[in-house]
Amino acid sequence: MVDSHTHLDVCEPPNAELVAAAEAVGVTRVVTVGTDSASCRAALAAAEDFPQVYAAIGRHPNEATGFDDAHLAELEALAAHKKCVAIGETGLDYYRDHAPHSDQRRAFEAQIELARSTGKPLVIHTRAAEDDTLELLNERAGGVRVILHCFSMPDRVQECLEHENWWFSFAGNVTYPKAQALRTAALAIPANRLLVETDAPYLSPQPVRGRPNQPAHLVHTAGALALERRLPYAELEAAIERSAAAAFGW
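Since we're looking at a predicted model, the values are computed, not measured.

What follows deals with the nonpolar core. In this structure, L122, L137, L148, F151, F168 and F170 are the most contacted members of the largest nonpolar core, which totals 67 residues. Setting aside anything within four residues of it in sequence, one finds L122 in contact with I87, T90, F108, Q111, I112, A115, L137, V144, R145, V146 and I147. Listed in part, the 14 residues of the second largest apolar core include V2, V31, V33 and I147.

Structure follows, in structure tokens:
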């Protein structure tokens, strides 16, 4: 099983404990995601330390204030690392007023082009900004592999499915009792475009809700999706491993 999106640098136990706990339950690959300069460097350091860990390099929309050519140059340099498998997370977040919308958009557009030039997938964060996020992707991301991190647009799933090079990553919130619409959306996703993630230390799945999340908890989310799709866990696991290999290119 592959955790397609986590943040090891802000999880509580040391990385060695997190990786060992994940491996013990069958989570064999983890993509840890940078959101600013420090976390991108931490992601690459973790990827260097553990063969199971890979990095995504990006500037989160909430960290996009003042984004300029120097920030882009730093991302370009970090993204050249052999263990960087994706660009992002990037996108738009209108839920929290942490960065001007114009700066978010500039950072987003720059990272779309970085994904294109590097041939790496683009990891999308969107919150309370679905219309603008999808509009920008439709306008600028043609031909780019796109990973919709923590997919949370069940009413837009058919629209998103029209893009054959978009992947859908489901986090622990798909296990919540009130998330039936999200579970229904997950049923619509072809197995070759389905991913699972923890977004640790956030969004702990229902069996461990209220506790900090970690990559080992991915099995709860994957198990819930297997149950929803009426599949044996091993069959879903194999499908997601193939899907992640296609998305990330390893």
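On to the environment of I147. Looking at the secondary structure, you find I147 in strand β6 (residues 146–148). On the basis of relative accessibility, which here comes to 2%, the residue I147 falls in the buried class. When the C-alpha positions of I147 and G88 are compared, they lie 9.5 Å apart, and in sequence the two are 59 residues distant. Setting aside chain neighbours within four positions, we find I147 in contact with P121, L122, V123, I124, W167, S169, L195, A247 and F248.

Let us now look at the packing of helix α2 (residues 37–49) against helix α3 (residues 69–79). As a packed pair, α2 and α3 sit with axes 11 Å apart at the nearest point and diverge in direction by 5 degrees. Relative to α3, the element α2 lies roughly parallel. Residue-level inspection shows S37, C40, R41 and L44 of α2 in contact with α3, the latter providing E74, L75 and L78. Each residue belonging to the contact of α2 with α3 can be placed in one class, and the counts come to four nonpolar, one polar and two charged.

Taken together, the buried positions of helix α8 (residues 218–228) are occupied by L218, T221, A222, L225 and A226. Around the axis of α8, the buried residues are gathered within 140 degrees of arc, so they sit on the same side. Next to the buried residues of α8 lie β1 (2–6), β7 (166–170), α7 (180–187), β8 (194–196) and α9 (233–248).

Criteria and cut-off values
Sequence order sets the numbering: in each chain, residues are counted from 1 along the sequence as written. Restriction of local features to residues with pLDDT of at least 70 applies here, the model being predicted, together with a cutoff of 80 or more for giving and counting side-chain atom pairs; totals for whole chains, interfaces and linings are based on all residues. Just so you know, side-chain values use all the structure's heavy atoms and leave hydrogens and water out. Throughout, nonpolar core names a set of buried Ala, Val, Leu, Ile, Met, Phe, Trp, Tyr and Cys residues whose side chains join them through atoms within 4.5 Å. Whether a residue is buried, partly exposed or exposed follows from its accessible area with a 1.4 Å probe, protein chains only, as a fraction of its type maximum: under 20%, in between, or over 50%, in that order. Here a residue-residue contact requires only that any non-hydrogen atoms of the pair lie within 4.5 Å. Strands here are runs of E lasting at least two residues and helices are runs of H or I lasting at least four, both read from the DSSP assignment and numbered beginning at the N terminus. Geometry is summarised by axes, namely lines fitted to C-alpha atoms with helices restricted to the contacting stretch, and by angles between N-to-C directions that run from 0 to 180 degrees. Note on terminology: angles under 35 degrees are roughly parallel, angles over 145 are roughly antiparallel, angles of 65 to 115 are roughly perpendicular, and the others are oblique. Basically, the charged four are Asp, Glu, Lys and Arg, the nonpolar ten are Ala, Val, Leu, Ile, Met, Phe, Trp, Tyr, Cys and Pro, and anything else, Gly included, counts as polar. Note that the arc is computed from the directions linking the helix axis to the C-beta atoms.

So far we have only geometry, and geometry alone does not tell us how the molecule works.
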